[in-house]
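# Examination of the molecular architecture
Here are the chains, one letter per residue:
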There are 2 protein chains.
Amino acid sequence: MNDFQIFKNIQNHIVLNEVEKLQIIASFSVIDIQKKQQILEQGKLCKRIYFVESGSLRAFNIGVDGKTSTIMFAVKDWWITDMNAFVKKCPSLFYIEALETSKVVALEFDALERLCETVPKLERFFRILFQNAYIREQQRALQSISMTTDQRYRQFIMNYPAIVQKVTQKQIASYLGITPEFLSAIKNK
Amino acid sequence: MNDFQIFKNIQNHIVLNEVEKLQIIASFSVIDIQKKQQILEQGKLCKRIYFVESGSLRAFNIGVDGKTSTIMFAVKDWWITDMNAFVKKCPSLFYIEALETSKVVALEFDALERLCETVPKLERFFRILFQNAYIREQQRALQSISMTTDQRYRQFIMNYPAIVQKVTQKQIASYLGITPEFLSAIKNK
């Protein structure tokens, strides 16, 4: 049981005893995903939040004009979901797809809420998790309005070296909101 | 004491008794701010998270090129801080300034942590607060890479009608990461 990466992740912020670990493990399911398999479809309900035990995933939106925009990547030890759709139980704005063979731990919304009642200190863990997610997105928002694309690309490879190794240039371009040709021109400069 | 807007805000998600309200009130300070007065300076430590009792504020970054980028606005019933600088105790990336005479409730980081120990259900409140802040920023990130500026402007006025009434066109332009001239061209279309 202690082999699960998710316990290491949670215990970065709170201490769990064996009973609490059992309660947590009873709440989640482990899912093996093949490369390119989707665990969330745009327009469908988003019932789960996922923790990446191994492998890597990508969340992306396809616009009415057919343009693909990458919302986020998630590698081992990351959490990923369409937070809005997950919390508000509304249709998802994006797909989540495995970039390679991956293993995730999935938690449903109601199971998460019940778990927080059974193990109240998990509220603290999720408070810190979402606090950090908020920080990441607040900084991304600042970068997207204040930095040049060149600076944003360099910031991305500096912040997320583990992700850069797993993804294509086309995917990085769609994360930055630019064309692959523009990214290529930046890299050649 | 029950006149404080902050208690209504917290009680959207958890129930507080009178003792808990007293414990919370003992942890925060109330600050009156004049129009254009700054409660956070870029490059300085960000010691507090603020809740807006009345008035309105704006968080903005000034780049090395002198360009102003608006990170967020906060009106009555909103929380505002440089989350990264607040949590990690590092220099702030932005200024926070009052757009008009305002009243805020300020909580220091250590007081917040202590308060969560004394009133553990506040962990739940802050979990939901940051969960919603994360949702807001995740959607903003998606919009910034997938939508045209025209669509982003329309989304902004639709999402935040209370803010639109308080801010200048120049400030909205700096929130969208465009020049005031470009915003004016969009509006004239």
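Quantities reported herein were computed from a predicted structural model and do not represent experimental measurements. (Residues numbered from 1 in each chain as written. Chains lettered and ligands numbered in written order. Predicted model: local features only at pLDDT ≥ 70, side-chain atom pairs only at ≥ 80, totals over all residues.)

### With respect to the overall build of chain A
Let me state the cut-off plainly: The secondary structure listing takes helices from DSSP runs of H or I that are at least 4 residues long and strands from runs of E that are at least 2 residues long, numbered from the N terminus. Computation of the radius of gyration draws on C-alpha atoms, with the globule rule given as 2.2 Å multiplied by the number of residues to the power 0.38. Partly exposed residues are those falling between the two cut-offs: more than 12 but fewer than 20 other C-beta atoms within 10 Å of their own, whereas 20 or more means buried and 12 or fewer means exposed, with C-beta atoms placed from the backbone. Contacts are defined on C-beta atoms placed from the backbone: any two residues whose C-beta positions lie within 7 Å are in contact.
A count of helical and extended segments in chain A gives nine helices and eight strands. The C-alpha atoms of chain A give 17 Å as radius of gyration, which agrees with the globular expectation for 189 residues (16 Å, within 12%). Taken over 189 residues, chain A has a buried fraction of 40%. Counting contacts in chain A only where the partners sit at least 6 residues apart, residues at least 24 apart contribute 70% of the total.

### Describing the sheet that holds strand S4 (residues 56-62) of chain A
Residues and elements named next belong to chain A. What counts is decided by this rule: Here, any two strands with at least 2 DSSP bridges between them count as paired. An axis is simply a line fitted to the C-alpha atoms; with a helix, the fit covers only the stretch in contact. Between two such axes, the angle follows the N-to-C directions and lies from 0 to 180 degrees.
Taken in spatial order, the four strands line up as S2-S7-S4-S5 in an open sheet, and their pairing is antiparallel. Pairing within the sheet leaves two strands with one partner each, and these edge strands are strand S2 (38-40) and strand S5 (68-75). Across the sheet, the mean angle separating the axes of adjacent strands is 25° when strand polarity is ignored. Sheet topology places S4 next to strand S7 (residues 95-98); four bridges connect them, and they run antiparallel. Bridge assignment links Leu57 to a residue of S7, and that residue is Ala98. Running at roughly 110° to S5, helix H8 (residues 169-176) makes contact with S4 and S5 of the sheet.

### A look at the relation of the copies chain B and chain A
Note the following rule: Superposition of the copies was done by least squares, using only C-alpha atoms of residues whose pLDDT is at least 70 in both.
Each copy of the sequence occupies a distinct position, and chain B is placed on chain A by a rotation of 180° and an axial shift of 0.0 Å, giving an RMSD of 0.0 Å. The two molecules are tied by a two-fold rotation axis, judged by turn and shift. Most of the interface of chain B is mirrored in chain A, where 100% of its interface residues again form contacts.

### A closer look at the pairing of strand S3 (residues 48-54) of chain B
All names here are of chain B. Within S3, five of the seven residues are buried, which leaves it mostly tucked inside the rest of the structure. As paired elements, S3 and strand S8 (residues 102-108) share six bridges and run antiparallel to each other. Each residue of the ladder has a partner; that of Ile49, found in S8, is Leu107. As judged from the two bridges shared by S3 and strand S6 (residues 79-80), these two strands associate in the antiparallel manner. By the bridge assignment, Phe51 is partnered in S6 with Trp79.

### Focus on the interface of chain B and chain A
The line we're drawing: Gly is placed with the polar residues, together with every amino acid not listed as nonpolar (Ala, Val, Leu, Ile, Met, Phe, Trp, Tyr, Cys and Pro) or charged (Asp, Glu, Lys and Arg).
Counting from both sides, the interface comprises 29 residues of chain B and, opposite them, 29 residues of chain A. Breaking the side of chain B that touches chain A down by element, the ones donating at least two residues are strand S5 (68-75), helix H3 (83-88) and helix H5 (121-146) of chain B. The element that contributes the greatest number of residues to the side of chain B that touches chain A is H5 of chain B, accounting for 18 residues. Partitioned by chemical class, the residues of the side of chain B that touches chain A number 13 nonpolar, 10 polar and six charged.

### Side note on the sheet that holds S8 of chain B
One open sheet accounts for four strands, arranged S1-S8-S3-S6 (chain B); its pairing is antiparallel. Every other strand in the sheet has two partners, leaving strand S1 (29-33) and S6 of chain B as the edge strands with one partner each.

### Thoughts on the domain arrangement of chain A
It is common to give the size of an interface as the accessible area that goes away when the parts come together. Residue and element names in this part refer to chain A. Put simply, the rule reads: For each domain, the first and last residues come from an automatic or database assignment.
Assigned domains of chain A: these are domain 1 (5-133) and domain 2 (147-189). Centre-to-centre separation of domain 1 and domain 2, based on C-alpha positions: 25 Å. At the junction of the two partners, domain 1 supplies nine residues and domain 2 supplies eight residues. Broken down by element, the residue count for the side of domain 1 that touches domain 2 peaks at five residues, all from S5. Residue composition of the side of domain 1 that touches domain 2, grouped by class: four nonpolar, four polar and one charged.

### Some words on the UniProt feature "domain: Cyclic nucleotide-binding" (unreviewed entry) in chain A
Quick note on the threshold: UniProt positions are given in the numbering used here, feature names are shortened, and annotations may be inferred rather than shown by experiment.
Taking the UniProt record as the reference, the feature "domain: Cyclic nucleotide-binding" (unreviewed entry) is found at residues 6-115 of chain A. Within the segment residues 6-115 of chain A, helix and strand shares are 25% and 39% respectively, and the terminal C-alpha atoms sit 15 Å apart.

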